[in-house]
2 protein chains.
Amino acid sequence: MNLKSIERVGVTSFPAHYSGPTLGEVGEHRAIEEIVAAAPSRRNGDDAAVLNHASPNSRAVATTDMLVEGRHFRVDWSTPEEIGRKSIVQNFADIEAMGARPIAALLAVSAPPHTPVSYLRGIAAGIHQKVEEYSAELVGGDLTSGNDLVLSVTAIGSLGGSRPELTLDRARPGQRVVAHGHIGWSAAGLALLERFGRDLRRIPEHLIPLLDAHFTPRLNPGRGVVARATGATCMTDNSDGLIVDLSTIARRSGVSIDLHSADITPPPIIYEAAEILDADPWEWVLTGGEDHTLLATTAGDPPSGFRVIGRVGRGDAVTIDGQPPRYGHGWVSF
Amino acid sequence: MNLKSIERVGVTSFPAHYSGPTLGEVGEHRAIEEIVAAAPSRRNGDDAAVLNHASPNSRAVATTDMLVEGRHFRVDWSTPEEIGRKSIVQNFADIEAMGARPIAALLAVSAPPHTPVSYLRGIAAGIHQKVEEYSAELVGGDLTSGNDLVLSVTAIGSLGGSRPELTLDRARPGQRVVAHGHIGWSAAGLALLERFGRDLRRIPEHLIPLLDAHFTPRLNPGRGVVARATGATCMTDNSDGLIVDLSTIARRSGVSIDLHSADITPPPIIYEAAEILDADPWEWVLTGGEDHTLLATTAGDPPSGFRVIGRVGRGDAVTIDGQPPRYGHGWVSF
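Since the structure is predicted, the reported quantities are computational estimates derived from the model, not experimental observations.

Undergrad: If you had to explain the pattern of salt bridges to someone new, which residues and values would you point to?
TA: One side chain can pair with another of opposite charge once the charged atoms of both are near each other. Residues and elements named next belong to chain A. Evaluation of the coordinates by the stated rule reveals 22 salt bridges over all chains. Salt-bridge contacts for E137 lead to R43; the nearest nitrogen and oxygen are separated by 3.6 Å. On the criterion of sequence distance, the pair formed by E137 in strand β4 (residues 137-145) and R43 in the loop between α1 (23-38) and β1 (49-51) is long-range, its members being 94 residues apart. The partly exposed category is assigned to E137, whose relative accessible area is 26%. The partly exposed category is assigned to R43, whose relative accessible area is 23%. The salt bridge involving R74 is made with D76; its shortest N-O contact spans 2.8 Å. The class for D76 is partly exposed, based on a relative accessible area of 47%. A single network of salt bridges, built from pairs that share partners, joins R30, E34 and R121.

Undergrad: So what's going on with the UniProt feature "binding site: substrate" (unreviewed entry) in chain A? Residues and values would help.
TA: Residues and elements named next belong to chain A. Taking the UniProt record as the reference, the feature "binding site: substrate" (unreviewed entry) is found at H72, E290 and W331. Its place among the elements puts H72 in the loop between β2 (59-68) and α2 (80-96). On the accessibility criterion, H72 (15% relative accessible area) is buried.

Undergrad: Give me the packing of helix α1 (residues 23-38) of chain B against helix α3 (residues 117-133) of chain B: which residues, what numbers.
TA: All names here are of chain B. Two elements in contact, α1 and α3, have axes whose closest approach is 9 Å; the angle formed by their N-to-C orientations is 20°. In this view, α1 runs roughly parallel relative to α3, as classed from their interaxial angle. In terms of crossing hand, the pair formed by α1 and α3 is right-handed. Contact residues: L23, V26, A31, E34, I35 and A38 in α1; V117, L120, R121, A124, A125 and H128 in α3.

Undergrad: Please give an account of the pairing of strand β5 (residues 150-159) of chain B that cites residues and values.
TA: Residue and element names in this part refer to chain B. Judged by how many residues are buried, β5 sits mostly within the fold: 10 of 10 residues are covered. Both faces of β5 are covered, namely the face carrying V150, S152, T154, I156 and S158 and the face carrying L151, V153, A155, G157 and L159. When strand β3 (residues 101-111) meets β5, the two strands line up antiparallel, connected through 9 bridges. Looking at the pairing, S110 lines up with V150 of β5.

Undergrad: Talk me through the packing of aromatic side chains; I want residue IDs and the actual numbers.
TA: A complete count under the given rule lists 6 aromatic pairs over all chains for this structure. When the centroid spacing of 4.9 Å and the interplanar angle of 80° are considered together, the rings of Y18 of chain B and Y119 of chain B count as edge-to-face. Pair noted here: Y18 of chain B is in the segment before α1 and Y119 of chain B is in helix α3, with a separation of 101 residues, a long-range link. The same class applies to Y18 of chain B and to Y119 of chain B, which are both buried. Taken together, the aromatic side chains of F14, Y18 and Y119 of chain A make up a single cluster linked through ring pairs.

Undergrad: Hey, could you go over unusual backbone geometry for me, with residue numbers and the actual values?
TA: Even without a glycine there, the phi angle at E290 of chain A is positive, about 60°. Topologically, E290 of chain A is positioned in the loop between α10 (281-287) and β9 (294-298). Phi is positive for D278 of chain B, close to 55°, though the residue is something other than glycine. Among the secondary structure elements, D278 of chain B is positioned in the loop between α9 (268-277) and α10 (281-287). You can call D278 of chain B exposed: its relative accessible area is 73%.

Undergrad: Lay out the confidence of the model for chain A with the relevant residues and their values.
TA: Residues at a pLDDT of 70 or more form 95% of chain A, whose mean pLDDT is 91. In this model, residues 1-9 of chain A is a region of pLDDT below 50 whose contacts with residues beyond four sequence positions or in other chains number 28 contacts.

Undergrad: How would you summarise the domain arrangement of chain A if you had to cite specific residues and measurements?
TA: Residue and element names in this part refer to chain A. Each assigned domain of chain A is listed with its residue range as follows: domain 1 (23-159) and domain 2 (176-320). Computed over C-alpha atoms only, the centres of domain 1 and domain 2 are separated by 25 Å. At the interface, 21 residues of domain 1 touch 24 residues of domain 2. Each partner contributes to the roughly 1900 Å² buried at the junction of domain 1 and domain 2, and carbon and sulfur atoms together form 55% of this total.

Rules and cut-offs
Residues numbered from 1 in each chain as written. Chains lettered and ligands numbered in written order. Predicted model: local features only at pLDDT ≥ 70, side-chain atom pairs only at ≥ 80, totals over all residues. Heavy atoms only, no water. Salt bridge = Lys/Arg side-chain N within 4 Å of Asp/Glu carboxyl O. Helix = DSSP H or I, 4+ residues; strand = E, 2+ residues; numbered from the N terminus. Buried < 20%, exposed > 50% of the residue type's maximum accessible area, 1.4 Å probe, protein only. UniProt positions renumbered as here; feature names shortened; annotations may be inferred. Axes fitted to C-alpha atoms, helices over the stretch in contact; angles between N-to-C directions. Parallel < 35°, antiparallel > 145°, perpendicular 65-115°, else oblique. Left-handed = near helix turned anticlockwise from the far one by under 90°. Contact = heavy atoms within 4.5 Å. Pairing = 2+ DSSP bridges. Phe/Tyr/Trp six-rings, centres within 6.5 Å; stacked < 30°, edge-to-face > 60°. pLDDT = per-residue confidence, 0-100. Domains from an automatic or database assignment. Buried area = accessible area lost by both parts, 1.4 Å probe.

Written as C-alpha cells, this is what we have:
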C-alpha cells in the first residue's frame, strides 16, 4: 500500500511526547547501547553475529525488507513500538513462507540527528517484543545518520531436515489453496486512518482491530513450519495483495488458481468499515496486501490453522468462482 | 569518515551520463529485473533465499551495514559500480573478521523516483563483481522509493568446524598484533577528494591508488578463514580507525596493545599526499578507518598474508612505542 496522502515537508516531525535527548546530542555509541539494552542479545556486539543452528544440517534462510518513513509508516500514526513490531512481522512472514523458523534479525537504521533517543528505544522495544514471540533474537545492526528515517531489517531462519523448502513454483493442478490469517484487514485499517487519522474519537471502537491489523499484523509463530511438515508444497505471504501474490504462484508454477468467493468473503467488521467509508470491501481483500497472511497449496488436508480458500488448476489465470477478479492490481514501490 | 564538506540540496543529482529511463518511469518490477540480471542468482526470487552450507554442521554468521548518499558516498565522486563494490567489501570484511567465509549478500535499496535505472544497474554490477570474487552470491533484496539513496547490505557467512569464531574478547598478553592490508590509504584518498574533487588533472597519477583504496578497499578473500585456521584468537577489521578499533579489542579483552611505529609507518605514497595537502599522514593511519584492513592477535607466527604491527600486554591502553597515540578519535555517525 502507498501512503499517498502524505505530504513531505522535508523534516520528520516526531510527536512531542518523545522528549529527552536526540541522537545528535547523545551520539552513536550511546544510541546503540540504548538499542542493545532494549533488545538484548548475547550474540550482538562483534563484527558479525554467529548463529547456532537449531538442528544439525539445517540450512539458513534469509530475507530483507526496508521501511521508509512517509512511505511505509508515518510517525504521527504509528508508535515506534508498532513500527518495530511490523518490521519484524513482515520479514519473519517471508521466512515462514519458506517453511522455515525465524531465528534472528538484523536492524540497520538511518535516522536524522534530531530523532529522540526515546523514539529509537521504542522501535527496538517493539522489535524485541516480536522476536521474543518467535524465540528469535536481534543479533546485530548498524546505525547511521540520514535525512530520512529508514529501517532495514534482515531476517534469518533455520530450515531443518531434508524436506524441500516451500518455493513459489511447486503448486500443482488439483491441489487446494489454503490460508492462515486475516485478509484485507490491514488495507481496511489504512483506509480508516487515511480518512480519520489516528483519532479514536472518530473511529468506532469495534473497528479498532482493523487499525491493529494495519499497525501490527498478527501471525501465529510456527505456522510455516507446520505447513511444511504436513504436506504444503508451495507458500507465500500476502504482502502485495491477494491476487498479485497468488498470480506470482500461478506464473511461477505454471498453473491457474480459482478462489471460492464464499471462503474469502469479508467478515462483518470489514463491511462496516466499508460502509462508513463508502468503499468496496472486496478491493481491500483482493488488492490490500500487508496482512502477511500465509497462502499455501497442498494436496492433502489444510495444515493446522489453515482454511481452504480455492483450488489449483491447469492454465495460468487467477479467478474467483471461475471469473476474472474485479480488482487485480497491488502494491508497487514506484 | 564523514563527508563533512557536502551540502545537502535535498535532491540527489545523478551525473548526466546515467541517462535512460528512471525508476519512476519503469516501475519497481522492471527495476528489480535489471538488478537480478546484473547480479544473477538461482537463490533469488522467492520470499526468502535458502543457503546451502559449504560444510556439514557449519554455523551461519551475519552482519549488516547501511550506506547513505551524502554521508557514506557521493554520486558525483563515486561511480555506482564503486558504491556497489564497497558495500560488499565493508560487509564481507566483518564476516572475514569472525574467521568465516562470506557466502551470500542481501541488498535493500531506497532510491528517489528520478534515479536512472542505469545507475541502479551499475550498483548491482559492482556488487556482482565483488561477490563473485568471494564465490558468494547476491541472494535477495528489496527496492523501495525514498528521498535519500540508501543501500543496506546484509552479509551472511559460513563458519565451518568447531574452532571458536574470532571474537573481540580473546586477545591475551604476550600475543602479537598482526594486520593484513593497507592502513590509512582510504583516508588519504578521501582527503585528496575533499581538496580536488575527482579531478584527475589535479591529482598526480601515482597517487591514484589512494583514491582506489577509498572507492574500493581491497581485501584478499579468505584471509579471515586462514587466520582462524592458523591460530589467530581475536580479529576485527579497521573500519572506524586503527586506534578506535584496537581500543575495542583492548577493552573487550581486558588487555593493553602497544603498536610499533616502525611497523605502521606510512609508505611514501601517503607521505606524498600529505605533503601536497599539508596534512599529517599519521592522522590518516591512526584515525582513518574504512580501509577494512584485518587486525588480529595470535600467539604464534603471523598467518599467511599478515604482518606483525604490535604486541598485546597487561593493562587497558592502546599505545605506540609505549606512548599515548597522537590521534585517538575515529569515525562516529552522530
